[in-house]
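# Observations on the model geometry
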Amino acid sequence: MMHSAPSLQPPPNHSADALYLALDQGGSRSRALIFNQHGQAIAQADQAVSTSTPQPDWVEQDPHQLVASLQHCAAAAISQLTEAQQRQIRCWGLACQRASLVCWDKHSGQPLTPVLSWQDCRARQLCDWTDQQRAEIKQLTGLHPSP
């Protein structure tokens, strides 16, 4: 069976002047970028987010602050567009920071915990593995074990 090359045309229902909103939540900042169909950024916004270390090896963030920072960045980037351009936003996506973790209540949507940063090492005592166990984890997951 022959496969044709992917089309470089916009998908159906996407005009040639469609815009795309990209959100990025990193360890220290949230960002929003709006791109045109050529991949050129035409609007952007960013906001710092804080990190706390309430105990040694603990690295946490406020989940409400992270969500609010993303909302702020999206609104700030969109506000840089004309009304006509705002109507051209066709989709958006979110990229999140590495292996950070937060638990949410599935009914209320409220966070049950702070965000545990990928830098958090509070589980260090639980990770007292032998070299053989470390090698097995690496072989199974492709990752080096880390608290």
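Residues numbered from 1 in each chain as written. Predicted model: local features only at pLDDT ≥ 70, side-chain atom pairs only at ≥ 80, totals over all residues. Heavy atoms only, no water.

### Considerations on the pattern of salt bridges
Keep this limit in mind: By definition, a salt bridge exists where a carboxyl oxygen of Asp or Glu is found within 4 Å of a side-chain nitrogen of Lys or Arg. A run of H or I in DSSP becomes a helix once it reaches four residues, and a run of E becomes a strand once it reaches two; helices and strands are each numbered from the N terminus. Categorising residues by exposure relies on relative accessible area from a 1.4 Å probe, with only protein chains included: less than 20% of the type maximum marks a residue as buried, more than 50% marks it as exposed, and the intermediate range marks it as partly exposed.
Counted by the stated rule, this structure contains 5 salt bridges. One salt bridge connects Asp-46 with Arg-29, and the closest N-O pair in it is separated by 2.3 Å. Separated by 17 residues along the polypeptide, Asp-46 in strand 3 (residues 41-48) and Arg-29 in strand 2 (residues 29-35) bring together distant segments of the chain. Among the residues examined, Asp-46 registers a relative accessible area of 43% and is labelled partly exposed. In this structure, Asp-57 and Arg-124 form a salt bridge, with 3.3 Å as the shortest nitrogen-oxygen distance. Of this pair, Asp-57 sits in the loop between strand 3 and strand 4 (60-61) while Arg-124 is found in the loop between strand 6 (115-116) and helix 3 (131-141), placing the two residues 67 residues apart along the sequence. Exposure remark for Arg-124: the relative accessible area of 44% places this residue in the partly exposed category. Through salt bridges that share partners, Glu-60, Asp-120 and Arg-122 make up one connected network.

### Some thoughts on the side chain of Ser-69
Applied cut-off: Polar contact is defined as a pair of N or O atoms within 3.5 Å, subject to the rule that within protein one atom must be able to donate a hydrogen and the other to accept it, and that residues adjacent in sequence are counted only when both atoms are side-chain atoms. Only heavy atoms matter for contacts: two residues are in contact if any of them lie within 4.5 Å across the pair.
Relative to the helices and strands, Ser-69 resides in helix 1 (residues 63-79). Residue class for Ser-69 comes out buried when judged on its relative accessible area of 1%. Reaching out from Ser-69, the side chain makes a polar contact with the backbone oxygen of Leu-66 at a distance of 2.7 Å. Contacts of Ser-69, omitting those with residues within four sequence positions, involve Ser-30, Gln-47 and Val-49.

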